[in-house]
Amino acid sequence: MCMVIVALTMLAVGVCLGFVGAGGSGFIISILTTIFGFSIHTALGTALSAMFFSSISGAISHYREGNTILKVGIPVGLIGSVGAWISSEFSAQIDSHILRWMTAGILLLSAIILWVRMILISRKKEIIQEDQIPKGSRFWLAAITVGFVTGVLSGLFGIGSTPFIQIGLMILFGMSVRKSAGTTMLVIIPIALAGGADNYRLGYLDIKLLIAVVIGTMIGSYIGAKFTKRVPELYLKIAMVLVPTLGAVLLVL
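Throughout what follows, the structure given in this document is the object of discussion. (Residues numbered from 1 in each chain as written. Predicted model: local features only at pLDDT ≥ 70, side-chain atom pairs only at ≥ 80, totals over all residues. Heavy atoms only, no water.)

### Considerations on the packing of aromatic side chains
The criterion, for reference: By convention, a stacked pair of Phe, Tyr or Trp rings (six-membered ring in the case of Trp) has centres within 6.5 Å and planes under 30 degrees apart, an edge-to-face pair has planes over 60 apart, and any other such pair is tilted. The buried label goes to any residue with under 20% of its type's maximum accessible area, the exposed label to any with over 50%, and the partly exposed label to all in between, with areas taken from a 1.4 Å probe on protein chains only. Put simply, DSSP marks the helices as runs of H or I at least four residues long and the strands as runs of E at least two long, and each gets a number from the N terminus on.
Under the definition given, this model contains 2 aromatic pairs. Relative to Trp140, the ring of Phe139 has its centre 5.2 Å away and its plane inclined at 90 degrees; by these criteria the two rings are edge-to-face. Residue class for Trp140 comes out partly exposed when judged on its relative accessible area of 46%. Between Phe139 and Phe173, the ring centres sit 5.7 Å apart and the planes meet at 75 degrees, which makes this aromatic pair edge-to-face. Of the two residues, Phe139 is situated in helix H6 (residues 136–157) and Phe173 in the loop between helix H7 (162–172) and helix H8 (177–202); the sequence distance between them amounts to 34 residues. Both residues of the pair, Phe139 and Phe173, belong to the buried class. Taken together, the aromatic side chains of Phe139, Trp140 and Phe173 make up a single cluster linked through ring pairs.

Structure (structure tokens):
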């Protein structure tokens with residue numbers, strides 16, 4: 001019965017995450033630890049693994065809606081998977097209490113950074129052409145920077161680093177808010193796969209819990225992605241900031 005409740009809760013969470021283009025691992029961790037009482041390491045490993053499946057669902061929906069730039073998302077995500085695999089080794093060595101506060105802190109920081117970035121781009125036009133994306137060495141420098149840094153954050157803190165990925169895509173690749181939201185879902189897929197696989201190897205993955213979380217978030221994120229292009233941009237920006245903020249508050253409480 002508990003897993004049914006988890007699945008239904010994750011369905012609602014998935015709708016929100018699909019809307020903002022987030023894998024939402026940090027938000028899921030906060031719910032699993034605070035509401036359902038799982039340990040931070042188990043929640044971290046399970047949420048990061050579940051994010052792989054929910055991101056696939058959301059990425060497909062965003063791609064069909066025209067919100068994804070494949071030539072950026074694929075290389076950035078693959079580079080990020082390397083960072084996630086390396087850093088997840090260190091996460092397992094951190095004390096549970098300290099890890100909870102560190103994860104809450106990084107979630108809050110991500111919300112603040114994203115909020116500041118939203119202010120800076122408030123007058124930026126929403127349309128971007130793919131031929132405006134950096135080319136050559138500038139492209140790969142940007143891809144390595146965004147991919148590896150966010151991958152390390154994901155593996156270490158169990159979060160999808162969604163705000164950091166979105167900010168990197170907007171600043172270094174010049175993407176609009178909508179394009180960054182859709183492409184971020186694609187970037188998260190290989191990062192979550194690498195981090196989740198390493199957590200499974202370390203023994204921090206509850207299979208039954210994973211199934212419940214995956215069922216709820218996959219269905220929810222696919223539905224939520226349908227609203228990204230249809231809801232006024234103001235609401236999208238507010239939701240992007242609120243998701244990591246709520247996750248941080250739950251972990252602290």
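### Concerning helix H2 (residues 25–34)
A large share of H2 lies buried, amounting to 9 of its 10 residues. Those residues of H2 that sit buried are Ser25, Gly26, Phe27, Ile28, Ile29, Ser30, Ile31, Leu32 and Thr33.

### Concerning the nonpolar core
So the rule is basically this: Within this scheme, the nonpolar core is defined by two criteria: the residues are buried Ala, Val, Leu, Ile, Met, Phe, Trp, Tyr or Cys, and they are joined through side-chain atoms within 4.5 Å.
In this structure, Val6, Met10, Ile28, Leu32 and Val213 are the most contacted members of the largest nonpolar core, which totals 48 residues. Grouped together as the second largest cluster of nonpolar side chains are 26 residues, Met51, Val76, Ile133 and Ala143 included.

### Examining a nonpolar patch on the surface
For clarity, the cut-off: A patch consists of residues exposed above 30% relative accessible area that lack any salt bridge, with like charges linked at up to 9 Å and nonpolar side chains (Val, Leu, Ile, Met, Phe, Trp, Tyr) linked at up to 5 Å. Methods summary: accessible areas were calculated by the Shrake-Rupley approach with a probe of 1.4 Å, and residue burial reflects only the protein chains presented. Should a side-chain nitrogen of Lys or Arg be within 4 Å of a carboxyl oxygen of Asp or Glu, the pair is scored as a salt bridge.
Residues Val4, Leu8, Leu11, Tyr200, Ile207, Ile211, Ile215, Ile219, Ile223 and Phe227 make up a contiguous nonpolar surface patch of roughly 930 Å² in combined accessible area. Those elements that provide at least two residues to the nonpolar patch are helix H1 (2–20) and helix H9 (207–225). Ranked by residue count, the leading element in the nonpolar patch is H9, at 5 residues. Here Ile215 is to be found in helix H9.

Read these as geometric descriptors, not functional statements.
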